[in-house]
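# Coordinates in review
If you want the building blocks of each chain, they are given just below.
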Amino acid sequence: MRFDLISIFPDYFAPLRLSLMGKAEQTGLVDLHAHDLRDWATGKHRSVDDTPYGGGAGMVMRADVWARALDEVLSVPLPEPCGEGAPASFRRVLAIPTPSGTPLTQARVEDLAHADQIIVACGRYEGIDARVAEHYRGAGVEVVEFSIGDYVLNGGEVAAMVLTEAVARLLDGFMGNPDSLVEESHSGAGLLEYPVYTKPREFRALEIPDVLLGGNHAAIERWRRDRAIEKTTRVRPDLALSLDASSLTAEDRAALASCGVAYTRDGTAYRLQVRLAQPDDAAAVSELAARTFPDVCPSSLPAEAIEEHIATQLSPTVFEAVLSSPEEHRLFVAEVEGALVGYVLTHVGAHALPGDLVRPGRVEEGSAYLSKCYVDEEWRGSGIADALIERAVADAGEAGHAAVVLGTNRSNKKAQNFYKRHGFRKRSSRTFEVGGVRNYDVVMVRDLTA
Ligand code: SAM
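Residues numbered from 1 in each chain as written. Predicted model: local features only at pLDDT ≥ 70, side-chain atom pairs only at ≥ 80, totals over all residues. Heavy atoms only, no water.

## Some words on the nonpolar core
Counting residues in hydrophobic clusters, the biggest one holds 33 residues, and the most contacted among them are Phe-3, Leu-5, Ile-118, Val-120, Leu-163 and Val-167. Per element, the largest residue contribution to this core is seven residues, and it comes from helix α5 (residues 157–168). With near-sequence residues (within four places) excluded, Val-120 lies in contact with Asp-4, Leu-5, Ile-6, Ala-95, Pro-97, Ala-160 and Leu-163. One finds Ile-384, Ala-387, Phe-418 and Phe-424 within the second-largest nonpolar core, a separate group that totals 30 residues. (Core = buried A, V, L, I, M, F, W, Y, C linked by side-chain atoms within 4.5 Å. Buried < 20%, exposed > 50% of the residue type's maximum accessible area, 1.4 Å probe, protein only. Helix = DSSP H or I, 4+ residues; strand = E, 2+ residues; numbered from the N terminus. Contact = heavy atoms within 4.5 Å.)

So this is what it looks like as structure tokens:
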């Protein structure tokens with residue numbers, strides 16, 4: 001790929017001949033040309049700037065000087081593309097650095113890496129006469145006005161080097177190990193990179209996370225992905241809300257939801273808040289409970305039994321009572337754009353466990369009992385249920401409980417796998433009646449003492 005960097009300070013670009021960039025130039029992967037804009041200036045002083053029309057401070061770079069330079073550089077012959085499928089015409093891009101341009105992103109850089117020639121017109125003073133971009137755009141040239149950040153530099157040279165290096169390192173053969181490009185920040189799904197570590201193993205009392213020393217590659221990959229998600233949501237919430245949803249796994253969605261970002265099935269992202277419910281949430285929780293409960297009932301359960309259960313067990317009055325005693329009942333809700341979309345209820349008081357579980361030896365004494373976790377249909381698969389469960393478990397742990405216990409229908413393997421993913425293990429079974437119908441549950445326990 002050919003780069004033409006035009007500036008009144010062409011010596012600025014000397015560092016591009018160092019390191020990997022220098023090697024890429026030597027091997028012919030990049031063809032780097034630094035030009036002095038003054039070579040196209042005329043007159044005794046070879047002046048490239050003049051006072052601004054309309055008045056004001058500073059000088060503006062002249063369009064006529066830039067046009068002479070750009071006409072010439074835009075028409076230099078390029079090496080004929082070779083090989084099957086080689087494009088019939090060249091892609092030449094005129095890149096103009098300016099703090100008022102669109103932010104330079106990895107996606108833009110990835111696109112520019114397919115160009116044949118990039119010409120960078122480096123401004124100085126108050127910038128380049130606006131008619132330069134207008135003229136070349138009008139003439140059919142691909143013009144990219146880009147900014148490298150929300151701050152102002154003295155000139156476009158640093159921005160030109162940023163663009164050149166960011167593009168060149170994506171060219172096939174530039175990196176010694178092309179795998180280095182795969183998991184970088186801003187690549188793939190759009191996450192920032194996870195933290196990286198090397199020797200020494202101990203540095204000023206700071207240690208390497210255990211998982212990286214264990215050799216379990218799947219666990220390492222998961223840990224890295226979770227750290228990347230956590231960092232992206234914390235440092236760049238804008239990026240966390242615009243990820244490529246098609247590349248997110250169920251585990252990614254769970255990690256995102258735990259960090260306050262939920263993706264719908266169609267790939268739209270929302271900010272999510274998981275919080276302890278307050279007494280004035282009772283009516284909304286009751287509505288949520290009433291619309292989610294029927295979805296999980298076995299088909300054998302008659303409609304009247306479901307209705308009766310909703311009327312007697314999930315009424316606003318029941319939830320008012322629950323929310324009035326947070327020392328016994330812990331109810332967390334998931335809220336998206338002011339609406340409740342999921343909840344989890346744990347009983348933690350002295351009588352937390354249902355009678356059939358208290359029998360000696362069945363579950364640890366002092367266990368918290370996770371009695372309900374429901375999420376609105378449209379939010380299933382978004383990771384919200386995972387975030388709710390983790391929040392309830394963390395809450396039980398903070399309160400000193402040895403374990404969290406739950407019962408789930410024995411035929412619902414999906415739910416059992418879900419709880420397994422959250423560290424619950426099958427312990428025993430139980431039976432109970434709803435509306436005169438016998439139900440069979442597996443009892444699962446998550447040990448909090450480990
Ligand atoms: N008057 C201009 C403005 O307020 O937008 C700033 C001109 S600046 C002093 C001079 C040159 O530095 C610009 O023409 C551009 O080439 C370069 N430059 C400064 N900040 C930049 C940034 N954040 N991104 C890209 N180029 C920048």
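## Description of the layout of surface pockets
Considering only enclosed or pocket space, the second largest pocket measures out at about 600 Å³ in volume. Lining the second largest pocket are 25 residues, with Leu-104, Thr-105, Gln-106, Ala-107 and His-186 positioned closest to its centre. Considering every element that reaches the lining of the second largest pocket, the biggest residue donor is helix α3 (residues 106–112), with four residues. Grouping the amino acids of the lining of the second largest pocket by side-chain chemistry returns ten nonpolar, ten polar and five charged. (1 Å grid on protein atoms, 1.4 Å probe; cavity = no way out; pocket = protein on both sides within 12 Å on 5 of 7 lines; lining within 4 Å. Points joined across faces, edges and corners; volume = space filled by probe spheres on them. Nonpolar A, V, L, I, M, F, W, Y, C, P; charged D, E, K, R; others polar.)

## Quick notes on the packing of aromatic side chains
Counting across every chain of the model gives six aromatic pairs. The interplanar angle of 75° and the centroid separation of 5.7 Å between the aromatic rings of Tyr-419 and Phe-424 together place this pair among those described as edge-to-face. The same class applies to Tyr-419 as to Phe-424, namely buried. Grouped by ring-pair contacts, the aromatic residues Phe-293, Phe-319, Tyr-343 and Tyr-374 constitute a single cluster. Of note, Arg-410 hangs over the ring of Tyr-440, and the distance from its end group to the ring centre comes to 4.3 Å. (Phe/Tyr/Trp six-rings, centres within 6.5 Å; stacked < 30°, edge-to-face > 60°. Lys NZ or Arg CZ within 6 Å of the ring centre and 35° of its normal.)

## A closer look at the site of the ligand
The environment of the ligand is formed by 18 residues, the closest being Pro-97, Ile-148, Gly-149, Tyr-151 and Leu-153. For the ligand, a nitrogen atom lies 3.1 Å from a polar atom in the side chain of Glu-126. The fraction of the free accessible surface of the ligand (580 Å²) that becomes covered by protein chains is 83%. Of all elements in the fold, only β5 (92–103) and β7 (142–147) reach the threshold of two or more residues within the shell around the ligand. At three residues, the largest contribution of residues to the shell around the ligand is made by β5. Class assignment of the residues belonging to the shell around the ligand gives a composition of nine nonpolar, eight polar and one charged. (Near = heavy atom within 4 Å. Polar contact = N/O pair within 3.5 Å; in protein donor to acceptor, adjacent residues only side chain to side chain. Areas by Shrake-Rupley, 256 points an atom, 1.4 Å probe, with all protein chains shown as cover.)

## Brief notes about helix α1 (residues 19–26)
Among the residues of α1, Met-21, Gly-22 and Ala-24 are the ones counted as buried. Down the axis of α1, the buried set is contained in an arc of 160°. They therefore lie on one face. Of the exposed residues in α1, the ones pointing more than 90 degrees away from its buried face are Ser-19, Lys-23 and Gln-26. Those residues of α1 that are buried lie in contact with α5. (Arc of directions from axis to C-beta.)

## Some remarks on the sheet that holds strand β14 (residues 368–375)
Taken in spatial order, the eight strands line up as β10-β11-β12-β13-β14-β15-β17-β16 in an open sheet, and their pairing is mixed. Two strands bound the open sheet, and with one partner strand each, they are β10 (261–263) and β16 (425–434). Between one strand axis and the next, the sheet turns by 30° as a mean value, whatever way the strands run. Sheet topology places β10 next to strand β11 (residues 269–276); three bridges connect them, and they run antiparallel. Note that in β11 the partner of Tyr-263 across the bridge is Ala-269. Sheet strands touched by helix α11 (residues 316–323): β12 (329–336) and β13 (339–347). Its angle to β12, the strand with the most contacts, is close to 115°. Contacting β14, β15 (403–409), β16 and β17 (437–447), helix α14 (residues 413–421) runs over the sheet at an angle of about 165° to β15. (Pairing = 2+ DSSP bridges. Axes fitted to C-alpha atoms, helices over the stretch in contact; angles between N-to-C directions.)

## Thoughts on a positive patch on the surface
Residues Arg-410, Lys-413, Lys-420, Arg-425 and Lys-426 make up a contiguous surface patch of positive charge. Looking at the positive patch, the elements with two or more residues in it are α14 and β16. With respect to the secondary-structure elements, Arg-425 resides in strand β16. On the basis of relative accessibility, which here comes to 45%, the residue Arg-425 falls in the partly exposed class. (Patch = residues over 30% accessible without salt bridge, like charges linked within 9 Å, V, L, I, M, F, W, Y side chains within 5 Å. Salt bridge = Lys/Arg side-chain N within 4 Å of Asp/Glu carboxyl O. Lys, Arg positive; Asp, Glu negative; His and termini not counted. Charge placed at Lys NZ, Arg CZ, Asp CG, Glu CD.)

## Section: the environment of Val-143
With respect to the helices, strands and loops of the structure, Val-143 is situated in strand β7. Measuring from C-alpha to C-alpha, the distance between Val-143 and Ala-133 comes to 6.7 Å, with ten residues separating the pair along the chain. Ignoring any residue separated from it by four or fewer positions in sequence, one finds Val-143 in contact with Leu-94, Ile-96, Ala-133, Tyr-136 and Arg-137.

## A few points about the sheet that holds strand β6 (residues 117–121)
With parallel pairing, the five strands of this open sheet are ordered in space as β2-β1-β6-β5-β7. The open sheet has two edge strands, β2 (31–36) and β7, and neither has a second partner. Ignoring which end each strand starts from, the neighbouring axes of this sheet average 25° apart. Note: strand β1 (residues 2–7) against β6, five bridges, orientation parallel. Within β6, the residue paired with Phe-3 across the bridge is Ile-118. Sheet strands touched by α5: β1, β2, β5, β6 and β7. Its angle to β1, the strand with the most contacts, is close to 175°.

## Overview of the state of the cysteines
According to the stated counting rule, one finds zero disulfides in the structure shown. Take Cys-259: it sits in no disulfide, and the sulfur closest to it among the cysteines is that of Cys-373, at 17 Å. Accessibility expressed as a relative area gives 32% for Cys-259, which makes it partly exposed. (Disulfide = S-S within 2.5 Å.)

## Here's the deal with the pattern of salt bridges
Scanning the entire structure with this criterion turns up 24 salt bridges. In this structure, Arg-62 engages Asp-64 in a salt bridge whose closest nitrogen and oxygen atoms are separated by 2.6 Å. Taking the relative accessible area as the measure of exposure, Arg-62 reaches 32% and is therefore partly exposed. Given a relative accessible area of 33%, Asp-64 falls into the partly exposed group.

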